[in-house]
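What follows is each chain in one-letter form.
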Amino acid sequence: MSWITRIANALRPAQADAALDEELQFHLEERIAELVRSGLSRQDAERAARLRFGNRLARREESHEIKSAVWLESLLRDFRFGLRMLSKYRTTSLAAIASLALAVGACTAAFSLIDALLFRPLPVRDPRQLFDLARVFPPFMSPNNQPREFDMFSAPQFQLLRDTVRSSADLFLCDCGAGPKIPAAFDGSAGDEDVRAAYIDGHGFAILGIKPGLGRLIQPADDSVASGHKVAVLSDPFWKRRFGGSRDVLGRTFTLSGRDTFEIVGVAAPPFTGLQPGYLTDLWIPLRASVDPRLLAQDVELAGIFGRLHPGVERSQLRAPLQAAFTNALAERLRINPPRNLHGDRLKQYAAQPLILRDASTGSGRDSLFRAEFRRPFQILALICGLLLLVACSNVANLMLARASARDAEMALRISLGAARSRLVQQLLVESGQLAFLGTILALLFATFAAPAIAARLGPPELPAFLDVAPDFRSLAFAAALSLLSTLLFGLIPALRASATRPEAALKAAAMNHSGRLGPLRWMLAAQIAFSVAVLFLSGLLLLSFQKIISVDLGFKRDHVILFDLVPRDEINCRTCLSGPQLLDRIRHAPGVRAASLTAQRPMGGDMVWIMNPFIRFPGRAMEILRPREIPVSDGFFRAMQIRWISGRDFLPEEIARGSESVIVNQAFADTFLPGKDPLGAIFETTGDNPIPVRHQIVGVAGTIHYNNPREPDRPAIYAPLRDTNTATLNVRVDSTSATMIGSVRKQIEAAAPAMRIRNTVLLAAQIENTLLSERLLAMLAGFFSVVALLLAAVGLYGVIRYAAVCRTREIGIRIALGARRAAVVRRVLADSSLPVLAGIGIGIAVGLGLARYLVSQLYGVKATGFWSLATPVACILIAAISATLPPALRAANADPLIALRHE
């Protein structure tokens, strides 16, 4: 008989049994008729046929096993019975489903975020063959004196490397567009719109294997210096957002940065949005057609180099020829144009820069700002979600174990009637699977809303994150695997325990009533408490750290300060188009403005801001190893930011105008380089990109501030006079930060500096919050997980203690009838739960201390062994334990002895 027929019979057992009865009756009637024809009477024939036929029920069961998929039929029966059990134990089932939904949902949301940012392959042809190149700068070229990777190359270097491995790999140039947005004016638009543009050479799309969703993509003919027709390709999300998905977009033009006009020739097919996960590239333009031809001919780093291996080639095979070609190119460059600031060993180290080939299957090998900032937070999020899943599973296991204990008589009766223990395990695992399935459905709904909500908080408004966290096959597979694992975690122990019931003991009516000890529930309860304490401990560290970092004294007043980022409207023809004194004079006399200043780098800019770190040397001393931070500022900066003034004076207007050697240093500079001396009047030299030393004299000392982010230590800093420039940040302290005030200042800026445009406007307080995105996100999620872990621990503890108290109803009734005081009964019930709670706290703290080392990079001013770090989770779990165990203990102590003694 075919499997299809057997499965069909298992799906409709009633019809199959009726057909089988009819078939058996047919064979019996045929035998009777045959015996009657041989001469027997009807009565004797029936008797002889039935004796020959044997036990009809046994025959039917044998035939049923042959004609039906018994395993499927038993599963279906278990499934239907499990639904009845879910309905019967409605409260326990809902608690279990809610617990699993929160835990599995949190894990699935975390997986979606981590997968989208770190592990999901790029949507290109055979992403495993992609790689990119990077060089390792020697330590002396880094502010922290550590080797660092640099992945920008010049056009001549690219041509040399491409020709070197032409037979083994295809290389192309691409600037991923991860920097600030640039203005674009589309035809018919009222004004500029900032877009993120990526520069790619003409072979890039073909090597990546990207197809056009509309029109065509950039081709080699478009990527030429001689090309007079400049084209651009849009990303699918930008096309739909900016143009509503209109097919009329082809042929339309736009102007980029106020100088170059491009024609839109196509839209890249989704889901490709760029080579940097976390960033959404709005449009791509040809690299060579968009860059100054003089830069292409010079040895100036312009873009990154990406490549695709030919079939059968490994990355390791390319390193030697590429390294040799690159080293020779560097040596030739140093021979033709030797740098004046490199000599001896430093010159040799620069010439021997290692070249590395990085896997780019999930995006550029260099971590983007999002990857660098959120890699560790996401790993911590996954760790806490995993612990929360264990809390939920142990909670559900406790509830299931208590429910299975209440069904001892049922299990004993099944065993007495011949049920195999494997059959009982199957039945209980099916019930657990139903809980897990329903919990997973709710978990997917939770993750569908939670993951996008978290992703929306990963970036500031000026640099929003773009992560595709919509449910896909990978997240569904992860949720399904998690559901199966959860079923085994919380379902197997109760199933094995229930299947091991002794029928002779369980069938005694009073057996359960005297078995009020927690038994195996004790250790399951201890495990749940341990996992809950571990979650509370790690979450508490993150919350305490966030509280510490937001209360840091930054050294300036953050309120009522507006930051305006100013950039030239025409970047090519503008060298020093911003006259600082003229702009500041107008802004300072504007109504509602208290003070104003200009800075070359935005205060609290975080990783988005590059800050100079020159070498310094005092007369008669060697070059200092520690490199201070150099921040060009205008006069009035310390007044605008309300920084504590220590000694000396501010910059004079004539010093700003003529380029004076005067500088102002912070207290950390004086303490580090001039300890015990008066820094005023001290002279030192700085050496940066320009090999010629620049002489400086200290004219003032200001308080040390956290200029770039609240996490940074007290670093030495030099404040140099900011002269006329082409980019700057205007810091304005005002009476009110209302929209009206911001609009008024914007009008003053536009009138005083018409050659400049305002790229971004942000409050200083909001900018500080933007530098703490990862800390704030982790603190928010840690608070949520702490509450969930406490609730799960309390619910599990309450359910187990209530079950134990109900099981001991008869015992408690006897004790009260014999004169036991109710307070003693309460103490006895609470004492039975104290051991697993205390053991769980000890284990949980030990686990938390072991895992705390993974949080070190995210902690600020907090130690895992600190008093509050340890006391907070212990106090929280003790309060939750007392709140959960006291009500059932009081209820048990207030029981009527007469009713308790009649309890069965």
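Basis of the calculations
- Residues numbered from 1 in each chain as written.
- Predicted model: local features only at pLDDT ≥ 70, side-chain atom pairs only at ≥ 80, totals over all residues.
- Heavy atoms only, no water.
- Helix = DSSP H or I, 4+ residues; strand = E, 2+ residues; numbered from the N terminus.
- Contact = heavy atoms within 4.5 Å.
- Areas by Shrake-Rupley, 256 points an atom, 1.4 Å probe, with all protein chains shown as cover.
- Buried < 20%, exposed > 50% of the residue type's maximum accessible area, 1.4 Å probe, protein only.
- Arc of directions from axis to C-beta.
- Salt bridge = Lys/Arg side-chain N within 4 Å of Asp/Glu carboxyl O.
- Axes fitted to C-alpha atoms, helices over the stretch in contact; angles between N-to-C directions.
- Left-handed = near helix turned anticlockwise from the far one by under 90°.
- Nonpolar A, V, L, I, M, F, W, Y, C, P; charged D, E, K, R; others polar.
- Pairing = 2+ DSSP bridges.
- Polar contact = N/O pair within 3.5 Å; in protein donor to acceptor, adjacent residues only side chain to side chain.
- pLDDT = per-residue confidence, 0-100.
- Parallel < 35°, antiparallel > 145°, perpendicular 65-115°, else oblique.
- Core = buried A, V, L, I, M, F, W, Y, C linked by side-chain atoms within 4.5 Å.
- Phe/Tyr/Trp six-rings, centres within 6.5 Å; stacked < 30°, edge-to-face > 60°.
- Lys NZ or Arg CZ within 6 Å of the ring centre and 35° of its normal.
- Patch = residues over 30% accessible without salt bridge, like charges linked within 9 Å, V, L, I, M, F, W, Y side chains within 5 Å.
- Disulfide = S-S within 2.5 Å.

## What about the overall build of the chain?
Okay, so step 1: Check the secondary structure of the chain and you find 29 helices and 24 strands.
Okay, so step 2: Looking at the chain alone, contacts between residues at least 24 apart form 81% of all its contacts between residues at least 6 apart.
Okay, so step 3: As displayed, the chain has an accessible area near 41,000 Å², and 59% of this comes from carbon and sulfur atoms.

## Focus: the environment of Ser432
Okay, so step 1: Relative to the assigned elements, Ser432 resides in helix 15 (residues 421–455).
Okay, so step 2: Excluding its chain neighbours within four sequence positions, the residues that come into contact with Ser432 are Met400, Thr487, Phe490 and Gly491.

## Notes on helix 9 (residues 236–243)
Okay, so step 1: Of all the positions in helix 9, only Asp236, Phe238, Trp239 and Phe243 are classed as buried. Relative to the axis of helix 9, the buried residues are bounded by an arc of 160° and lie together on one face.
Okay, so step 2: Elements that come into contact with the buried residues of helix 9 comprise strand 4 (182–186), strand 5 (193–195), strand 7 (212–215), strand 8 (231–234) and strand 10 (260–268).
Okay, so step 3: Where helix 9 terminates, the next one or two residues include Gly244, which has phi positive at roughly 65°.

## A closer look at the pattern of salt bridges
Okay, so step 1: On inspection of all chains with the given rule, the structure shows 22 salt bridges.
Okay, so step 2: For Asp163, the salt bridge goes to Arg162, with nearest N and O atoms at 3.9 Å.
Okay, so step 3: Among the residues examined, Asp163 registers a relative accessible area of 44% and is labelled partly exposed.
Okay, so step 4: Salt-bridge contacts for Arg588 lead to Asp635; the nearest nitrogen and oxygen are separated by 3.5 Å. You can see Arg588 sitting in helix 19 (residues 580–588) and its partner Asp635 sitting in the loop between strand 17 (629–633) and helix 20 (637–641), a full 47 residues away along the chain.

## Some details on the environment of Arg621
Okay, so step 1: Within the secondary structure, Arg621 sits in the loop between strand 16 (615–617) and strand 17.
Okay, so step 2: Overall, the relative accessible area of 32% leaves Arg621 in the partly exposed class.
Okay, so step 3: On a C-alpha basis, the gap between Arg621 and Phe684 in space is 9.8 Å, while along the polypeptide they are 63 residues apart.
Okay, so step 4: Ignoring any residue separated from it by four or fewer positions in sequence, one finds Arg621 in contact with Phe673 and Leu674.

## Here's the deal with the packing of helix 19 against helix 23 (residues 739–752)
Okay, so step 1: Relative to each other, helix 19 and helix 23 sit at 145°, their axes nearing to 9 Å. In this structure, helix 19 meets helix 23 at a crossing whose hand is right-handed. For the pair helix 19 and helix 23, contact is made by Gln582, Leu583, Arg586 and Ile587 and by Val745, Gln748, Ile749, Ala751 and Ala752, respectively.
Okay, so step 2: Here the contact of helix 19 with helix 23 is composed, by residue class, of six nonpolar, two polar and one charged.

## A look at the pairing of strand 3 (residues 169–175)
Okay, so step 1: Within strand 3, five of the seven residues are buried, which leaves the element mostly enclosed by the surrounding structure.
Okay, so step 2: Note: strand 3 against strand 12 (residues 304–309), six bridges, orientation antiparallel. Opposite Ala169, over in strand 12, you have Leu309 as the bridge partner.

## Here's the deal with the environment of Gly540
Okay, so step 1: With respect to the element layout, Gly540 can be found in helix 18 (residues 520–550).
Okay, so step 2: Judged by relative accessible area, which is 12%, Gly540 ranks as buried.
Okay, so step 3: Along the chain, Gly540 and Ala782 lie 242 residues apart, while their C-alpha atoms are 7.4 Å from each other.

## So, the side chain of Gln528
Okay, so step 1: Note on placement: Gln528 falls in helix 18.
Okay, so step 2: Within the local environment of Gln528, its side chain forms a polar contact with the side chain of Asn395, the two groups lying 3.3 Å apart.
Okay, so step 3: Beyond its immediate stretch of four places on either side in the chain, Gln528 contacts Val391, Ser394, Asn395, Asn398, Leu792, Ala793 and Gly796.

## Things to note about the confidence of the model for the chain
Okay, so step 1: Per-residue confidence for the chain gives a mean pLDDT of 82, with 84% of residues at or over 70.
Okay, so step 2: The spread of mean pLDDT over the elements of the chain runs between helix 29 (residues 897–901), the lowest at 56, and helix 22 (residues 667–673), the highest at 95.

## Quick look at the packing of helix 27 (residues 822–851) against helix 28 (residues 867–893)
Okay, so step 1: Where helix 27 contacts helix 28, the two axes come as close as 9 Å, and the packing angle between them is 155°. Here helix 28 runs roughly antiparallel to helix 27, going by the angle between their axes. Considering the relative orientation of helix 27 and helix 28, their crossing is right-handed. Here Arg822, Val825, Val826, Val829, Leu830, Ser833, Val837, Ile841, Ile845 and Leu849 of helix 27 lie close against helix 28, whose contacting residues are Leu870, Pro873, Val874, Ile877, Leu878, Ala881, Thr885, Leu886, Ala889, Leu890 and Ala893.

## Description of the nonpolar core
Okay, so step 1: Counting 94 residues, the largest nonpolar core has Phe378, Phe490 and Phe785 as the members making the most contacts within it.
Okay, so step 2: For this core, the element with the most residues is helix 13 (residues 369–406), which contributes 18 residues.
Okay, so step 3: Contacts of Phe490, omitting those with residues within four sequence positions, involve Leu100, Cys393, Val396, Ala397, Met400, Ser432, Leu435 and Ala436.
Okay, so step 4: In this structure, Phe243, Ile264, Leu283 and Leu334 belong to the second largest nonpolar core, which totals 48 residues.

## Quick word on the pairing of strand 17
Okay, so step 1: The buried count for strand 17 comes to five of five residues, which makes it a mostly enclosed element.
Okay, so step 2: Burial along strand 17 is two-sided: the face carrying Arg629, Ile631 and Val633 and the face carrying Glu630 and Pro632 are both buried.

## Let's talk about the packing of aromatic side chains
Okay, so step 1: Scanning the model with the defined rule gives 25 aromatic pairs in all.
Okay, so step 2: On the numbers, 5.8 Å between centres and 20° between planes, the contact of Phe172 with Phe306 is stacked. With Phe172 in strand 3 and Phe306 in strand 12, this pair connects stretches of sequence that are 134 residues apart. Across the pair, Phe306 and Phe172 agree in class, each one buried.
Okay, so step 3: Ring centres of Phe669 and Phe684 lie 5.4 Å apart, and the angle between their planes is 40°; on these two criteria the pair is classed as tilted. With a gap of 15 residues between them, Phe669 in helix 22 and Phe684 in strand 20 (residues 683–687) connect regions that are remote in the sequence.
Okay, so step 4: Phe669 sits in the buried class, given a relative accessible area of 0%.
Okay, so step 5: The buried category is assigned to Phe684, whose relative accessible area is 1%.
Okay, so step 6: Among the aromatic residues, ring-to-ring pairing joins Phe186, Phe238, Phe243, Phe254 and Phe262 into one connected group.
Okay, so step 7: Sitting over the face of the ring of Phe243, Arg242 holds its NZ or CZ atom 5.2 Å from the ring centroid.
Okay, so step 8: Between Arg627 and the ring centre of Phe615, over which it is positioned, the NZ or CZ distance is 4.1 Å.

## Notes on a nonpolar patch on the surface
Okay, so step 1: Together, Phe437, Leu438, Ile441, Leu442 and Leu445 make up a nonpolar patch on the protein surface, roughly 450 Å² of accessible area in all.
Okay, so step 2: Here Ile441 is to be found in helix 15.
Okay, so step 3: Its relative accessible area of 40% is what places Ile441 among the partly exposed residues.

## Let's talk about unusual backbone geometry
Okay, so step 1: A cis amide bond links Pro270 to the next residue, Pro271, at an omega of 10°.
Okay, so step 2: Within the secondary structure, Pro271 sits in the loop between strand 10 and strand 11 (283–286).
Okay, so step 3: Although it is not a glycine, Asp126 adopts a positive phi angle of roughly 45°.
Okay, so step 4: By secondary structure assignment, the location of Asp126 is in the loop between helix 6 (90–119) and strand 1 (130–137).
Okay, so step 5: According to the relative accessible area criterion, Asp126 is partly exposed, its value standing at 32%.
Okay, so step 6: Unusually for a residue other than glycine, Gln642 sits at a positive phi of about 55°.
Okay, so step 7: Checked against the element boundaries, Gln642 lands in the loop between helix 20 and strand 18 (645–648).

## Quick look at the state of the cysteines
Okay, so step 1: Under the counting rule described, the total for this entry stands at zero disulfides.
Okay, so step 2: Cys385 forms no disulfide, and the closest cysteine sulfur to it belongs to Cys107, at a distance of 4.9 Å.

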